[in-house]
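Examining the three-dimensional arrangement
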Amino acid sequence: MLIVNIKEIFSSDIADGWLRADGATGLIIAMGPMDTVPAPEPGEEVVDARGGYALPSFCDSHTHIVYAGSRHGEFLDKINGLSYEEIARRGGGILNSADLLHDTPEDELYEQSLARAREVMLKGTGAIEIKSGYGLTLEDELKMLRVIRCIRRAVPMTVRATFLGAHAVGRAFAGRRQDYVDHVCREMIPAVAAEGLADFVDVFCDRGFFTPAQTAQIMEAAAPYGMRPKIHANELDVSGGVEVGVEHGAVSVDHLERAEQPQIDLLAKSATVATMLPGASFFLGMPYAPARKALEAGCRVALASDYNPGSSPSGDMRFVWALGCIKMKLTPRQALDCVTRGGAMAMDLPDHGVLAVGTRANIIVTCPLPSLSVIPYQYTTPFISRLILGGKTIKEYEN
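I will try to describe carefully the structure that is included in this document. (Residues numbered from 1 in each chain as written. Predicted model: local features only at pLDDT ≥ 70, side-chain atom pairs only at ≥ 80, totals over all residues. Heavy atoms only, no water.)

1. A look at the overall build of the protein chain
Looking only at helices and strands, the protein chain has 15 helices and 16 strands in total. In terms of its C-alpha atoms, the protein chain occupies a principal-axis envelope of roughly 70 × 45 × 40 Å. When each of the 399 residues of the protein chain is scored for burial, the buried share is 59%. When the accessible area of the protein chain is evaluated, it comes to approximately 15,200 Å², of which 52% is carbon and sulfur surface. Across the protein chain, the centroid of the 38 positively charged side chains sits 2 Å from that of the 49 negatively charged ones. (Helix = DSSP H or I, 4+ residues; strand = E, 2+ residues; numbered from the N terminus. Buried < 20%, exposed > 50% of the residue type's maximum accessible area, 1.4 Å probe, protein only. Areas by Shrake-Rupley, 256 points an atom, 1.4 Å probe, with all protein chains shown as cover. Lys, Arg positive; Asp, Glu negative; His and termini not counted. Charge placed at Lys NZ, Arg CZ, Asp CG, Glu CD.)

2. Side note on the state of the cysteines
Within this structure, the stated rule accounts for 0 disulfides. Summary of cysteine pairing: C59 is not part of a disulfide, and the nearest cysteine sulfur, belonging to C338, is at 12 Å. (Disulfide = S-S within 2.5 Å.)

3. Section: helix 12 (residues 317–326)
Of all 10 residues that make up helix 12, 8 are buried, and the element is covered over most of its length. Among the residues making up helix 12, those that are buried are M317, R318, V320, W321, A322, L323, G324 and C325. By the N-cap criterion, in which a side-chain oxygen at the helix start approaches the backbone nitrogen of a residue two or three places on, helix 12 is capped by D316, the distance to R318 being 3.0 Å. (Polar contact = N/O pair within 3.5 Å; in protein donor to acceptor, adjacent residues only side chain to side chain.)

4. Considering the pairing of strand 6 (residues 58–63)
Burial runs high along strand 6: 6 of the 6 residues are buried. Across 4 bridges, strand 6 lies against strand 7 (residues 125–131) in parallel orientation. Paired with C59 across the strands is A127, a residue of strand 7. (Pairing = 2+ DSSP bridges.)

5. Digging into the pattern of salt bridges
Taken as a whole and assessed by the stated rule, the structure comprises 18 salt bridges. Note that E41 is salt-bridged to R20, the shortest N-O span being 3.8 Å. Taken together, the residues span a long stretch of sequence, with E41 in the loop between strand 3 (27–33) and strand 4 (46–48) and R20 in strand 2 (residues 15–22) at a distance of 21 residues. Judged by relative accessible area, which is 47%, E41 ranks as partly exposed. Owing to a relative accessible area of 10%, R20 belongs among the buried residues under this scheme. R146 serves as the salt-bridge partner of E195, at 2.6 Å between the closest nitrogen and oxygen. Taken as a pair, E195 in the loop between helix 6 (177–194) and strand 9 (200–205) and R146 in helix 5 (residues 138–154) lie far apart in primary sequence, 49 residues in all. (Salt bridge = Lys/Arg side-chain N within 4 Å of Asp/Glu carboxyl O.)

6. Focus on the environment of S270
Here S270 is to be found in the loop between helix 9 (261–268) and strand 12 (273–276). The exposure class of S270 is buried, given its relative accessible area of 19%. Expressed as a C-alpha distance, the spacing of S270 and V354, which sit 84 residues apart in the sequence, is 22 Å. From its side chain, S270 meets the backbone oxygen of L267 in a polar contact 3.0 Å long.

This is how it looks when you write it as structure tokens:
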């Protein structure tokens, strides 16, 4: 595929350019300014961008899209003033989702979750991380991870799977948190590894959930199986999750709404990505994570959707980009880098999130626009002209 008349190829120095994508390898194989554009090869599809931008597809590095049903009743609880923690104490939140998932057959769970995966893909996401964590029993965690594996086979997105058995304490272990942690380590992790179901392991290391010591225990149990850690940290309090994550070489530490300068400084000295979830802050009315301060300190920063039924029921990464600008005070180019290259780093996908020769040909071709800033500025106006994943057109859009 030859794409011509591109106003700018984002993450390259090329303006008024062209690029060539190979559908067989799924890679970008050439690019350059328009005065060097080659002749089309016999039978090659030529796409005229008409002055639109070529952007890397979004890389959403934190989602929980495998869930059953809905938690819209909790939406009213939030409107009436209940906090995330108060809803959880009343038996809602994660445990509510676990109950719904337990009662949902695997094929039905797959159909519901696949619909969400396709929804976010058609909004421009080309790589996505999906967590378990609404099972909280061995059987239901495996059910979730098998659904993620089926989604990976069904869509042209790149899909990463994360085992999050330590999302909360399962009902069978109520009041016995350490026993549940031991169960995760001794029973769940080996079973997940035996079926090759997870790329990463995650723990909700925060007030009222799991301690740094318990988080370390789980990470250390998963390490021999090749599951690298990604940690929920500092959503509700300064939890110690950042510190234990960095110590154990976490690929990312996620949330960070309560991150303070010591955590930012520590992350800046590490290879761990600071993944921030402005959709959750928007929906829950929480503080926004300090993205600008983190970038200025030299941190690797990703912005992700946190798509889940309780605290961020949206996977629209264009809206995440806009929140990065409006609420976190990032420039449009900084925020775009965080929802593309930053997210790719947080999933350990070095060939995603940028457009360069040899990288994955996951490309958003935009409508003709006067400026890149229009996309997060007019954050509900359609902007995609064509979505290309793996060098093949997935959809053309009418705008």
